[in-house]
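Spelled out, the chains give:
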Amino acid sequence: MKEMLLKIFNLLLDRYGPQHWWPAKTKDEVVIGAILTQNTAWTNVEKAIKNLTQKNLLSLNAIAASNLQSIKEAIKPAGFFNQKSVYLKNIAEFFMQNGGFEQLSQLDTETLRKQLLTIKGIGKETADSILLYAFDRAVFVVDTYTKRLILRHKLSGQSDYENLRLFFENNLPKDYRLFNEFHALIVKNAKEFCRKKPLCDNCPLKEIL
């Protein structure tokens, strides 16, 4: 299975090239984007990010100090803005209370993951996105696109989040750069070919179906 996963990675990399994901200028923006992208398209997140930037709210410090109404107005394009504004406040306050990136980076990955998962609004996918893309930890993000890849190519008999995460982590070199690029390539291919209604004819993974 290790060889198969690396083959998939290389086929996707050959087709699309490096994805340079997560598209953010700061670690704060990664954390904020990880919450905004819940249940919405990235194009909507980009609109919300632009609004936060214009209101000088694109940092965890600024969000922690801001009022909920200002945050709600800025993030409306990302949908579920009533909930997400609270989630943003929750995680911003968590960072402020725990010494920010500098102090939190000193925690081992398992401990940090457990702490992130105690925050209301932070589920496993969001926590793992933050760990991978903001903290450079070798944690594989399992989203809808990843599950679709597993299912359609019959790579694993598992279906729950933790088992699928460990499936990747146990069968790939423990390298956050590889996990970063692989996940981004899976997302790219899902949007191009492995859609809800798949377009298999020109998919770079057609040969392994």
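Residues numbered from 1 in each chain as written. Predicted model: local features only at pLDDT ≥ 70, side-chain atom pairs only at ≥ 80, totals over all residues. Heavy atoms only, no water.

*Asks:* Any chance you could explain the packing of aromatic side chains here in plain terms?
*Replies:* By convention here, two paired aromatic rings are described through the distance between centres and the angle between planes. A full pass over the atoms with the stated rule returns 14 aromatic pairs. Considering the side-chain rings of Phe94 and Phe95, the 5.8 Å spacing of their centres and the 85 degrees angle between planes classify their relative orientation as edge-to-face. Exposure remark for Phe94: the relative accessible area of 10% places this residue in the buried category. Here Phe95 and Phe101 contribute two aromatic rings whose centre-to-centre distance is 4.9 Å and whose plane-to-plane angle is 50 degrees, an arrangement assigned as tilted. In terms of burial, Phe95 and Phe101 fall into one category: buried. Each member of the aromatic cluster is reached from another via a ring pair, and the members are Phe9, Phe140, Phe167, Phe168, Phe179 and Phe182. One residue, Lys76, lies across the ring of Phe81, its end atom 5.4 Å from the ring centre. (Phe/Tyr/Trp six-rings, centres within 6.5 Å; stacked < 30°, edge-to-face > 60°. Buried < 20%, exposed > 50% of the residue type's maximum accessible area, 1.4 Å probe, protein only. Lys NZ or Arg CZ within 6 Å of the ring centre and 35° of its normal.)

*Asks:* Honestly, the pattern of salt bridges in this entry has me stumped. Any pointers?
*Replies:* Close approach of charged atoms allows side chains with opposite charge to pair. According to the stated counting rule, one finds 10 salt bridges in the structure shown. A salt bridge links Glu207 to Lys7; the nearest nitrogen and oxygen atoms lie 3.4 Å apart. You can see Glu207 sitting in the segment after α12 (176–192) and its partner Lys7 sitting in helix α1 (residues 2–16), a full 200 residues away along the chain. On the basis of relative accessibility, which here comes to 54%, the residue Glu207 falls in the exposed class. Here Lys174 ties to Glu169 by a salt bridge, and the two come within 3.3 Å at their closest N and O atoms. (Salt bridge = Lys/Arg side-chain N within 4 Å of Asp/Glu carboxyl O. Helix = DSSP H or I, 4+ residues; strand = E, 2+ residues; numbered from the N terminus.)

*Asks:* I would appreciate a short explanation of the domain arrangement of the protein in the present structure.
*Replies:* Many descriptions give the size of an interface as the accessible area lost when the pieces come together. By the assigned domains, the protein splits into domain 1 (4–20 + 140–207) and domain 2 (27–133). Here domain 1 and domain 2 have C-alpha centroids that lie 25 Å from each other. Domain 1 puts 12 residues into the contact, and the matching count from domain 2 is seven residues. Both sides together, the interface formed by domain 1 and domain 2 hides about 820 Å², and carbon and sulfur atoms give 57% of it. At the boundary of domain 1 with domain 2, the tally comes to two salt bridges. The salt bridge partner of Lys124 is Glu162, with a shortest N-O separation of 3.6 Å. (Domains from an automatic or database assignment. Contact = heavy atoms within 4.5 Å. Buried area = accessible area lost by both parts, 1.4 Å probe.)

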